[in-house]
Amino acid sequence: MPDMHMRRNEGRKMATGATEAAIELRSTGESRNRSRGNPGTGDKEEVLLEVRGLKKYFPILGGLFRRPVGYARAVDGVDFYIRRGETLGLVGESGSGKTTAGMCILHLIEPTAGKIRFNRDGEFIEVNSRTVRSLRRSMQIIFQDPYSSLDPRMMVQDIIAEPLEAQGVRSRRERYERVEELLNAVGMSSQHMRRFPHEFSGGQRQRIGIARALALNPSLIVCDEPVSALDVSVQAQVLNLLDDLQERFGLTYLFIAHDLSVVQHVSDRVAVMYLGKIVEIADVEELFNNPRHPYTEALFSAIPVPDPDFQYKQIILEGDVPSPIDPPPGCNFHPRCRYARAICSKEEPVLREVGGDGHLAACHFADDLVLMGVWGPGIAQTG
Ligand SMILES: Nc1ncnc2c1ncn2[C@@H]1O[C@H](COP(=O)(O)OP(=O)(O)OP(=O)(O)O)[C@@H](O)[C@H]1O
Ligand code: SF4
Ligand SMILES: [Mg+2]
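It should be emphasised that the depicted structure is a prediction, and the values quoted were computed from it without experimental measurement. Going along each chain's sequence as written, the residues are numbered from 1 onward. Just so you know, chain letters begin at A and ligand numbers begin at 1, following the order they were written in. Only residues with pLDDT of 70 or above have their local features reported here, since the model is predicted, and side-chain atom pairs are shown and tallied only from 80 upward, although totals for entire chains, interfaces and linings are computed over all residues.

A. Examining the site of ligand 1 more closely. All residues are tested the same way: a C-beta atom is placed from the backbone, and lying within 6 Å of a molecule or strand makes the residue near it. If you check the shell around ligand 1, you find F58, A72, A74, G92, S94, G95, S96, G97, K98, T99, T100 and P324 and nothing else. Each helix corresponds to a stretch of at least 4 residues labelled H or I by DSSP, and each strand to a stretch of at least 2 residues labelled E; elements are numbered beginning at the N terminus. Contributions of two or more residues to the shell around ligand 1 are made by β2 (67-83) and α2 (98-105). Under the scheme applied here, ten amino acids are nonpolar (Ala, Val, Leu, Ile, Met, Phe, Trp, Tyr, Cys and Pro), four are charged (Asp, Glu, Lys and Arg), and all others, including Gly, are polar. A breakdown of the residues in the shell around ligand 1 according to their chemical character gives 4 nonpolar, 7 polar and 1 charged.

B. Geometry of the site of ligand 2. Around ligand 2, the structure places 13 residues, and the nearest of them are C331, H334, C337, C344 and C363. Across the shell around ligand 2, the residue classes break down as 10 nonpolar, 3 polar and no charged.

C. How the structure looks around the packing of helix α5 (residues 156-166) against helix α6 (residues 172-185). Here an angle of 0 to 180 degrees is reported between the N-to-C directions of two axes, which are lines fitted to C-alpha atoms, with helices fitted over the stretch in contact. α6 packs onto α5 with a crossing angle of 120° between their chain directions and a minimal axis gap of 9 Å. Regarding the angle of α5 to α6, the classification is oblique. Once α5 is placed against α6, the crossing between them reads as right-handed. Residues Q157, I160, A161, L164 and E165 of α5 lie in contact with α6, whose contacting residues are R175, Y176, R178, V179 and L182. For the contact of α5 with α6, a count of residues per class yields 6 nonpolar, 1 polar and 3 charged. The scheme is simple: roughly parallel for angles under 35 degrees, roughly antiparallel for over 145, roughly perpendicular for 65 to 115, oblique for anything else. In this scheme, a crossing is called left-handed if the near helix is turned counterclockwise away from the far one by less than a right angle; it is called right-handed if the turn is clockwise. A pair of residues counts as a contact when their C-beta atoms, built from backbone coordinates, are within 7 Å of each other.

D. Geometry of the environment of V179. Summarising the element assignment, V179 is placed in helix α6. Residue classification places V179 among the buried residues on the basis of 24 C-beta atoms within 10 Å. Along the primary structure V179 and E162 are separated by 17 residues, whereas in three dimensions their C-alpha atoms are 10.0 Å apart. In this structure V179 touches Q157, I160, A161 and M193, once residues within four positions along its chain are discounted. Between the buried cut of 20 or more and the exposed cut of 12 or fewer other C-beta atoms within 10 Å of a residue's own C-beta lies the partly exposed class, and all C-beta atoms are placed from the backbone.

E. Broad picture of helix α11 (residues 294-301). A large share of α11 lies buried, amounting to 8 of its 8 residues. Among all positions of α11, only P294, Y295, T296, E297, A298, L299, F300 and S301 are buried. On its buried side, α11 packs onto β3 (87-91), α9 (260-266), β9 (269-274), β10 (277-283) and α10 (284-289).

F. Main features of the sheet that holds strand β4 (residues 113-120). At least two bridges found by DSSP between two strands are what make those strands a pair. The sheet built from 4 strands is open, its strands ordered β2-β1-β4-β5 with antiparallel pairing. Every other strand in the sheet has two partners, leaving β2 and β5 (123-126) as the edge strands with one partner each. Averaged over all neighbouring strand pairs, the angle between strand axes comes to 25°, with direction disregarded. For strand β1 (residues 47-62) and β4, the ladder comprises 5 bridges, and the chain directions are antiparallel. Each residue of the ladder has a partner; that of V51, found in β4, is I116. Against the sheet, α2 contacts β1, β2 and β4, and its axis sits at roughly 115° relative to β1.

Now the structure itself:
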C-alpha cells in the first residue's frame, strides 16, 4: 500500500487562496469561521433540511419499444442535513450527482426514493409533490448559467416579479416595488427594471437570477455552480454578494461547485460526492486539514498552489469516472483508489463517524490511512 506514511496535518500550505477569485474574497482567513450554533452536533432545532436515503435513478431506454434497459444511478442513497443559516458545500467531479441531488431537494425532479424534510417554523414537513407548492416560497435555486435561466424575451422587472405573481401577489404596484427592493439588495437599481437580459454582463445577469430567487423570502437557496460561468474577476463580487445576503436575510445555502478553493471560502461544512454517494462530510477546516477518504485527498491534491516554495505531487486519478449505469461493486471508488485492497471490490463501505464533530467518511480504512490535507505547516512526503 503506497504513500501510507504521510503524516496527518502535514498537508500542503495553501496561500491566501488558490484561485484569483478566492484571493479577491473579502474573507482574509483560510475559511470563514462563523459561529453556527453547536457545530457538529446536528442539533435538531438548528436543522433546516434533512435528507435521508435519497436516490434518483434515471431510466435508460432502449429497444424497439423504448423500454427501460437499465438505470443511471445519479444519486444513490444520500443522507445529510443542513443547519439553519449555514452553507453546506457540495463537491465532486462532473457527473457525481450534485445537480441531481439539488434538483431532487427542490422537487424539480421526482426522487426515486428517500425522504426530504424541511423545517418550516419548527415543524418538519416532508417535501413531496403534495407539499412542494407551499414550500416553493421557502426553497429556491440559482443556476450556473444565468443567461439560459433567464427568459430573453422578458424584461428584468417581469423576470423577478414572476414568482411573486405565481404565489398570488396580485397588485402590480406591490410587485414592482418589491422588484425595486430586490434589485437594490443585489446591487442594481430601478433603472435596470425595463431592460432585457442580453443588455447585461454575466455578473449582472447572475445578480438578476439571485434577485429572482430572493423574491419570495426563501430560507434555503440551492446555488448550483453560481459563479463557474463568470469571469474570474466577477466571481468574487458575486460570492461576496451571496455572503452579504446570507448575513442580511439569514439564508441557508447548499453550495454546489467544482472550484475547491471557492468552496473552502464559502462553506461551513463540505460534503464530497462520488458516483451518486456522499463519501465524506465534515466541517470545512476539518475536511481540508484532515481528509479521511482517498477521493477527497485526490481532489485536494489538484488544487493549484501559487507558492513556488511548495511542491506537491498531484494524485492522478486513473481512468474516467465509471458509469453510474453499471457502478463498480464494493467501494465504487476502488478501480481508481491507490489504497484499495481485496475487500474494497467486495464490500461497500458505509458512511460512518471517523472523528468528532460529525466527520463522516465511507472508506474501510478511514481509521488507518494517513492522508494529506490542504493546510498545514509543511510539505507532506509522498512515495
Ligand atoms: N435526465 C437524465 N437522464 C439520464 N441520466 C442523467 C440525467 N440527468 C443526469 N444524468 C446522469 O446522472 C449523473 C449525475 O449527473 P449530474 O448532472 O447530477 O452531475 P453533476 O455532479 O451535477 O455534474 P457536473 O459537475 O458536470 O454538473 C450523470 O452521469 C448524468 O449523465
Ligand atoms: S474503501 Fe478501499 S477503495 Fe474505497 S476509498 Fe477506501 S481504500 Fe479506497
Ligand atoms: Mg451539475
